[in-house]
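# Understanding the architecture of this molecule
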Amino acid sequence: MGLLDILLGRTKPVVADLDRLFALPSAAVTLEAAAGFTPTGQGAVCFASVEGAAFEQSHREVQALLDADIDRDGPPVELRQDDYGYSWLVSHRPPDRLSDLVNDLHAVNSQMEVNGFGPQLLCSLAGFEDSAGRRLALVYLYKRGTFYPFAPLPDGTQRRDNALELQVRAALSGDLRIEQDLGRWFPVWGAPGL
């Protein structure tokens with residue numbers, strides 16, 4: 001970074017470290033002990049869709065790679081579009097196999113990156129639930145290399161349980177690299193896998 005970049009306030013973008021996703025299983029143990037949340041077995045990768053044959057081919061390769069897993073039981077990996085025009089590649093695993101779900105999320109991100117579609121990657125999430133039915137997602141921001149909790153209120157409104165999110169942030173600060181800028185804790189309303 002040069003002097004002009006410093007004077008103009010420009011910074012170099014953070015390089016995504018996809019291996020941070022592998023910290024999720026140990027963070028899940030902490031999350032269960034601290035707040036009573038356990039994995040749902042659902043997770044997803046969000047990316048901005050791109051028109052063209054190369055992107056479609058990349059998507060088919062990723063889906064074929066994940067569906068080829070002989071240990072997979074339940075529904076196959078599926079592609080969904082949300083109301084905002086983003087694509088979500090959703091994976092389902094048994095709740096007790098979070099490490100397999102994390103492998104799926106890592107594989108999707110890695111394959112998209114290798115195929116030159118890293119700039120389209122937005123976030124990945126893993127879903128959690130407590131005994132009262134409250135939902136929570138641990139969201140990995142691809143472009144920041146950080147995590148944050150997202151806890152929608154169970155009443156169906158688009159409101160968040162901010163107290164729970166802050167409680168989870170405090171509990172997981174030793175396990176995950178938590179996004180410090182709360183303004184970047186974007187809501188992912190209606191996200192598949194949550």
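Quick note: structure is the one above.
My aim in this report is to walk through the structure given alongside it, one point at a time. Model, not experiment: these values are computed from the prediction. (Residues numbered from 1 in each chain as written. Predicted model: local features only at pLDDT ≥ 70, side-chain atom pairs only at ≥ 80, totals over all residues. Heavy atoms only, no water.)

What follows is about the environment of G127. Note that G127 resides in strand β4 (residues 121-129). The exposure class assigned to G127 is buried, which follows from its relative accessible area of 2%. Between the C-alpha atom of G127 and that of P95, which follows or precedes it by 32 residues, the distance is 9.5 Å. (Helix = DSSP H or I, 4+ residues; strand = E, 2+ residues; numbered from the N terminus. Buried < 20%, exposed > 50% of the residue type's maximum accessible area, 1.4 Å probe, protein only.)

A word on helix α5 (residues 162-172). The complete set of buried residues in α5 reads L164, E165, V168 and L172. The arc enclosing the buried residues of α5, seen along the axis, measures out at 100°, which places them on a common side. Residues of α5 that are exposed and angled more than 90 degrees away from the buried face: A163 and A170. For α5, the secondary structure elements touched by its buried residues are α2 (24-35), β5 (135-141) and β6 (146-150). (Arc of directions from axis to C-beta. Contact = heavy atoms within 4.5 Å.)

This next bit is on helix α4 (residues 98-114). Given a rise of 1.5 Å per residue, 17 residues ought to cover 24 Å, and the 24 Å separating the end C-alpha atoms of α4 matches this to within 8%. Taken together, the buried positions of α4 are L98, D100, L101, V102, D104, L105, H106, V108, N109 and M112. As for α4, its buried residues are in contact with α2, β1 (38-48), α3 (53-67), β3 (86-92) and β4. Directly after α4, the chain includes G116, whose backbone phi takes a positive value near 85°. (Expected span 1.5 Å × (residues − 1).)

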